[in-house]
Amino acid sequence: MAVSHSSPVLPLVGQGIAYSCYAAVIWPSVPLTVDKKFTGTAFGVITSVQNIGLALFPLMIASIYKASGNSYIPNVEFFFMSCAGLGVLIGLLLNRLDRRNGGKLNGITSDDESRADAGFANVEDEYFSP
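Since the model is a prediction, treat every value here as computed from it, not as a measurement.

On to the overall build of the chain, then. Counting its regular elements, the chain contains five helices and zero strands. Ordered by position in the sequence, the α and β elements of the chain form the string α-α-α-α-α. Counting across all 130 residues of the chain, residues that qualify as buried make up 10%. Total accessible area on the chain stands at roughly 10200 Å², and carbon and sulfur atoms take up 66% of it.

Right, dumping it as structure tokens:
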């Protein structure tokens, strides 16, 4: 996009879909990767990092825009491409680390196992036992 004159609509839609997939994967993976006693803290850290990004990225984009003579193309577009590339590299690194540590994130578990990992194994016994 940065070096052509094509419409940015399709890549932006793709970026939105990619973020939706990211959000759908990152939040449920927290209880799988963090000890039960630290789950709340992990959710808080993820939320904080996300909010820091939401606060800083518009400022960075605005500074790139201003430094580029009030033009989004090509420098802002290069910034977005570098963010996407960095995201792909981090995703590959996380998959590699997951594979080394037992493959918990990419593994398939039964519903009973996933409930037990999330701490819901004996909910009925805990609350409804005579």
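Axis separation between helix α2 (residues 39–67) and helix α3 (residues 75–100) bottoms out at 9 Å; the angle between their running directions is 140°. Each of Phe-57, Met-60, Ile-61, Ile-64 and Tyr-65 in α2 lies in contact with α3, whose residues at this interface are Asn-75, Val-76, Phe-79, Phe-80 and Cys-83. Its residues assigned to classes, the contact of α2 with α3 comprises nine nonpolar, one polar and no charged.

What follows covers α3. Here α3 spans 37 Å end to end across 26 residues, near enough to the 38 Å set by a 1.5 Å rise per residue. Those residues of α3 that fall on the buried side of the exposure criterion are Val-76, Glu-77, Phe-79 and Asp-98. Lining the buried residues of α3 we find α2. In the stretch just after α3, Gly-102 is the one whose phi turns positive, near 105°.

Turning next to a nonpolar patch on the surface. Taken together, Ile-52, Leu-56, Phe-57, Leu-59 and Met-60 make up a surface patch of nonpolar side chains, about 450 Å² in accessible area. Its place among the elements puts Leu-59 in helix α2. Its relative accessible area of 57% is what places Leu-59 among the exposed residues.

How each quantity is defined
Residues numbered from 1 in each chain as written. Predicted model: local features only at pLDDT ≥ 70, side-chain atom pairs only at ≥ 80, totals over all residues. Heavy atoms only, no water. Helix = DSSP H or I, 4+ residues; strand = E, 2+ residues; numbered from the N terminus. Buried < 20%, exposed > 50% of the residue type's maximum accessible area, 1.4 Å probe, protein only. Areas by Shrake-Rupley, 256 points an atom, 1.4 Å probe, with all protein chains shown as cover. Axes fitted to C-alpha atoms, helices over the stretch in contact; angles between N-to-C directions. Contact = heavy atoms within 4.5 Å. Nonpolar A, V, L, I, M, F, W, Y, C, P; charged D, E, K, R; others polar. Expected span 1.5 Å × (residues − 1). Patch = residues over 30% accessible without salt bridge, like charges linked within 9 Å, V, L, I, M, F, W, Y side chains within 5 Å. Salt bridge = Lys/Arg side-chain N within 4 Å of Asp/Glu carboxyl O.

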